[in-house]
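Observations on the three-dimensional arrangement
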Amino acid sequence: MAERPEDLNLPNAVITRIIKEALPDGVNISKEARSAISRAASVFVLYATSCANNFAMKGKRKTLNASDVLSAMEEMEFQRFIAPLKEALEAYRREQKGKKEASEQKKKDKDRKTDSEEQDKSREEDNDEEEERLEEEEQNEEEEVDN
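A quick note: this is a predicted structure, and the numbers were derived from the prediction, not measured.

If you look at soluble globular proteins, the nonpolar side chains tend to sit buried side by side. Counting residues in each nonpolar core, the largest one holds eight residues, listed as Ala48, Cys51, Ala52, Leu70, Ala72, Met73, Met76 and Ile82. Listing elements by their share of this core, those giving two or more residues are helix H2 (31-58) and helix H3 (66-75). Setting aside residues no more than four positions away along its own chain, Cys51 makes contact with Ala72, Glu75 and Met76.

Structure, rendered in structure tokens:
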């Protein structure tokens, strides 16, 4: 577990991308400023996690959930971020639900295909057995005629 902000280093590529998306075109940022923002983001993540963990512990849980994070944001006086976070959370949940439904549908389709293939195989075996039986009857009839 990271106990100090220096122990947690967010990926530079991610920090750089976020900074570039936040700044207008043509605005550059020094390495020193990028490093300061990275450290500030690390401190924020640690603080938000610690606050969210307090809410989980109050609920006698060991797992942080979205409501813990939203409560932590409010406690940290970041109320203006709560609505966008809720919207992002709902979008995430819809996406996950869609993926789950697609996965279940794919499994059902695979099961149907397997069932259909098994039925086809069973029909083929039945047809083969019927053909063999008919051939045997024909041979028996020919032998009877010859006798």
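Here the narrative resumes, following the displayed structure.
Further remarks concern the packing of helix H1 (residues 12-22) against H2. Direction vectors running N to C along H1 and H2 enclose 105 degrees, while the axes themselves pass 10 Å from each other. Classified by the angle their axes make, H1 and H2 are roughly perpendicular. Seen from H1, the contacting residues are Ile15, Thr16 and Ile19; seen from H2, they are Arg34, Ile37, Ser38 and Ala41. When its residues are assigned to classes, the contact of H1 with H2 shows four nonpolar, two polar and one charged.

Let us now look at H2. Spanning 28 residues, H2 covers 41 Å between terminal C-alpha atoms, matching the ideal 40 Å at 1.5 Å per step. Where H2 is concerned, the buried positions are Ser38, Ser42, Ala48, Cys51, Ala52 and Ala56. The inward-facing, buried residues of H2 contact H1 and H3. One or two positions beyond H2, positive phi appears at Lys60, with a value near 55 degrees.

Quick look at the UniProt feature "domain: Transcription factor CBF/NF-Y/archaeal histone" (unreviewed entry) in the chain now. Mapped onto the present numbering, the UniProt feature "domain: Transcription factor CBF/NF-Y/archaeal histone" (unreviewed entry) falls at residues 9-73. Secondary structure across residues 9-73 comprises 72% helix and 0% strand; the distance between its end C-alpha atoms is 22 Å.

Here we take up the packing of aromatic side chains. By the definition in use, this model includes two aromatic pairs. With a centroid separation of 5.4 Å and an interplanar angle of 80 degrees, the aromatic rings of Phe44 and Phe78 are classed as edge-to-face. Residue Phe44 is found in helix H2, and its partner Phe78 is found in the loop between H3 and helix H4 (82-146); the two are separated by 34 residues along the sequence. When its relative accessible area of 27% is taken as the criterion, Phe78 is described as partly exposed. An angle of 45 degrees between the planes, with centres 5.6 Å apart, marks the rings of Phe78 and Phe81 as tilted. Clustering of aromatic rings is evident, with ring pairs tying together Phe44, Phe78 and Phe81.

Moving on to the domain arrangement of the chain. Taken domain by domain, the chain comprises domain 1 (1-77) and domain 2 (82-146). Once you take the C-alpha centre of each, domain 1 and domain 2 turn out to be 49 Å apart. The interface is formed by four residues belonging to domain 1 together with five residues belonging to domain 2. Summing both partners gives a buried area of about 390 Å² for domain 1 against domain 2, and 93% of it is carried by carbon and sulfur. Interface area lost by domain 1 to domain 2 is led by Ala66, Leu70 and Met73, which between them contribute 86%. On the surface where domain 1 and domain 2 come into contact, there are zero salt bridges.

Scanning the model with the defined rule gives four salt bridges in all. The closest approach of N and O atoms between Arg61 and Asp68, which form a salt bridge, is 2.8 Å. Classification of Arg61 by relative accessible area gives partly exposed; the value is 31%. On the basis of relative accessibility, which here comes to 3%, the residue Asp68 falls in the buried class.

Calculation rules
- Residues numbered from 1 in each chain as written.
- Predicted model: local features only at pLDDT ≥ 70, side-chain atom pairs only at ≥ 80, totals over all residues.
- Heavy atoms only, no water.
- Core = buried A, V, L, I, M, F, W, Y, C linked by side-chain atoms within 4.5 Å.
- Buried < 20%, exposed > 50% of the residue type's maximum accessible area, 1.4 Å probe, protein only.
- Helix = DSSP H or I, 4+ residues; strand = E, 2+ residues; numbered from the N terminus.
- Contact = heavy atoms within 4.5 Å.
- Axes fitted to C-alpha atoms, helices over the stretch in contact; angles between N-to-C directions.
- Parallel < 35°, antiparallel > 145°, perpendicular 65-115°, else oblique.
- Nonpolar A, V, L, I, M, F, W, Y, C, P; charged D, E, K, R; others polar.
- Expected span 1.5 Å × (residues − 1).
- UniProt positions renumbered as here; feature names shortened; annotations may be inferred.
- Phe/Tyr/Trp six-rings, centres within 6.5 Å; stacked < 30°, edge-to-face > 60°.
- Domains from an automatic or database assignment.
- Buried area = accessible area lost by both parts, 1.4 Å probe.
- Salt bridge = Lys/Arg side-chain N within 4 Å of Asp/Glu carboxyl O.

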